[in-house]
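The chain contents come next:
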Amino acid sequence: MAVSTLSQQLRDGNLFAAQCPSREILKHVTSRWGILILISLRDGTHRFSDLRRKIGGISEKMLAQSLQALEQDGFINRMSYPVLPPHVEYTLTGSGEQISEKVAMLADWIEINLPDILAQKESKTV
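What counts and what doesn't
Residues numbered from 1 in each chain as written. Predicted model: local features only at pLDDT ≥ 70, side-chain atom pairs only at ≥ 80, totals over all residues. Heavy atoms only, no water. Salt bridge = Lys/Arg side-chain N within 4 Å of Asp/Glu carboxyl O. Helix = DSSP H or I, 4+ residues; strand = E, 2+ residues; numbered from the N terminus. Pairing = 2+ DSSP bridges.

Caption draft 1: Inspection of the pattern of salt bridges at higher detail. What the rule picks out here adds up to four salt bridges. Lys54 is paired through a salt bridge with Asp43; the nearest N and O atoms lie 2.5 Å apart. Of this pair, Lys54 sits in helix α4 (residues 48–54) while Asp43 sits in the loop between α3 (32–40) and β1 (46–47), and the two are 11 residues apart along the sequence. Glu60 is the salt-bridge partner of Arg52, the closest N and O atoms lying 3.3 Å from each other.

Take a look at the structure:
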């Protein structure tokens, strides 16, 4: 049986169903913080404080919630070391590496096309 792609599912309407479980995963991966966390972890293992410093504007609460959601979805491994103060590290899983590649391509496209996007926005407000 062939695996359908996200774009095929969108065309077929599966993601439009209110109870579609992929909606929650899509929300975690494509949220502002989810994308930035996944891209940050492409560089390798990071501690919570490293991620907080790297991702400007994220609160501790949002970082913790986003990391937990991505971990529950199977995209991130959380390794806790029994020391004081607590030492926790985060890394991408195999599927996390795959999805981070996809969101990195999206972020790269936005960065490359940002001048045109901003020009379009400006022309609409004039």
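Caption draft 2: Broad picture of the sheet that holds strand β3 (residues 87–92). Strand order in the open sheet formed by three strands is β1-β3-β2, and the pairing between neighbours is antiparallel. Two strands close off the open sheet at either side, each with one partner strand: β1 and β2 (76–81). Pairing of β1 with β3 involves two bridges; the strand directions are antiparallel. Looking at β3, one finds that Arg47 is bridged to Glu89.

Caption draft 3: Seen up close, the pairing of β3. With six bridges joining them, β2 and β3 adopt antiparallel strand pairing. In the sheet register, Tyr81 faces β3, and the bridge partner there is His87. Counting the residues in the hairpin turn of β2 and β3 gives five residues.

Caption draft 4: Molecular detail of unusual backbone geometry. Cis peptide bonds are those with omega within 30 degrees of zero, and the linkage from Leu84 to Pro85 qualifies with -10°. Along the chain, the position of Pro85 falls in the loop between β2 and β3.

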